[in-house]
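For reference, the chains in residue letters:
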Amino acid sequence: MSPRRNRPKGTDGSGPSAEDDRSGRYGGWQSSESWRGEEWSVRHVAGASAEGKTYRCPGCDQVIPSGVPHVVAWPAHSGVDDRRHWHKACWNAKDRRTTRVQRSRNAPKF
């Protein structure tokens, strides 16, 4: 039995990079936005592509459960360590939010 092919026939293995992949692989599309005088790379992630992990949204400080569509944003000049996962509504409302997250007295501090 021959091993399974991990790429389609006829390709040379040098497929598109993650930056060239505007849709498909991550279940969404990528764009560039300006926020606070800085360019941000923004990738919209579909729910089916968000399986297996939970993230904490920096906009509302709530958990983004596995399988929920969301936005991944990072400054264009930085690397993968600066990526942050946001709820779509929180990313859209980022200019209307204060810089300090307000929590109730009994809220957990993560």
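This text follows the structure it describes.
For every chain, the first residue of the written sequence is number 1, and numbering continues from 1 onward in sequence order. Local features in a predicted model are, by the rule used here, given only for residues with pLDDT of at least 70; side-chain atom pairs are given and counted only at 80 or more, and totals for whole chains, interfaces and linings are based on all residues. Heavy atoms from the whole structure form the basis of all side-chain values; hydrogens and water molecules are not counted.

Caption draft 1: Local environment of the nonpolar core. Grouping buried Ala, Val, Leu, Ile, Met, Phe, Trp, Tyr and Cys residues that are joined through side-chain atoms within 4.5 Å yields what is termed a nonpolar core. A 1.4 Å probe rolled over the protein chains alone gives each residue an accessible area, and that area as a share of the maximum for its type sets the label: buried under 20%, exposed over 50%, partly exposed in between. Within the largest apolar cluster, 10 residues are counted, these being Trp 35, Trp 40, Val 42, Cys 57, Ile 64, Val 71, Ala 73, Trp 86, Cys 90 and Trp 91. Secondary structure is summarised from DSSP: a helix means a run of H or I of at least four residues, a strand means a run of E of at least two, and numbering begins at the N terminus for each. Listed by contribution, the elements that provide at least two residues to this core are strand E2 (38–45), strand E5 (70–75) and helix H1 (88–92). Working rule for contacts: check all heavy atoms of both residues, and any pair within 4.5 Å makes them a contact. Beyond its immediate chain neighbours, meaning those up to four positions away, Trp 40 contacts Ser 31, Ser 32, Glu 33, Trp 35, Ala 73, Trp 74, Pro 75, Ala 76 and Trp 91.

Caption draft 2: Main features of the pairing of E5. Extensive coverage of E5 is indicated by the burial of six of its six residues. Neither face of E5 is open: one carries His 70, Val 72 and Trp 74, the other Val 71, Ala 73 and Pro 75, and all of them are buried. Bridge analysis of E2 against E5 gives six bridges, and the strand direction is antiparallel. Looking at the pairing, Trp 40 lines up with Pro 75 of E5. Two strands pair if DSSP finds at least two bridges between them. Sheet topology note: the E5/strand E6 (residues 84–86) ladder contains three bridges and is antiparallel. Bridging from a neighbouring strand, Val 72 pairs with His 85 of E6.

Caption draft 3: Region of interest: the pattern of salt bridges. The term salt bridge refers to a side-chain nitrogen of Lys or Arg lying within 4 Å of a carboxyl oxygen of Asp or Glu. On inspection of all chains with the given rule, the structure shows one salt bridge. Here Glu 33 makes a salt bridge to Lys 94, at a shortest N to O gap of 3.7 Å. Highlighted residues: Glu 33 in strand E1 (residues 30–35) and Lys 94 in the segment after H1, separated in sequence by 61 residues. Since its relative accessible area comes to 25%, Glu 33 is described here as partly exposed.

Caption draft 4: Local environment of the pairing of E1. Direction of pairing for E1 relative to E2: antiparallel, over a ladder of six bridges. What sits directly across from Ser 34, in E2, is Glu 39. Counting the residues that bridge the hairpin from E1 to E2 gives two residues, and of these Arg 36 lies at a positive phi of roughly 55°.

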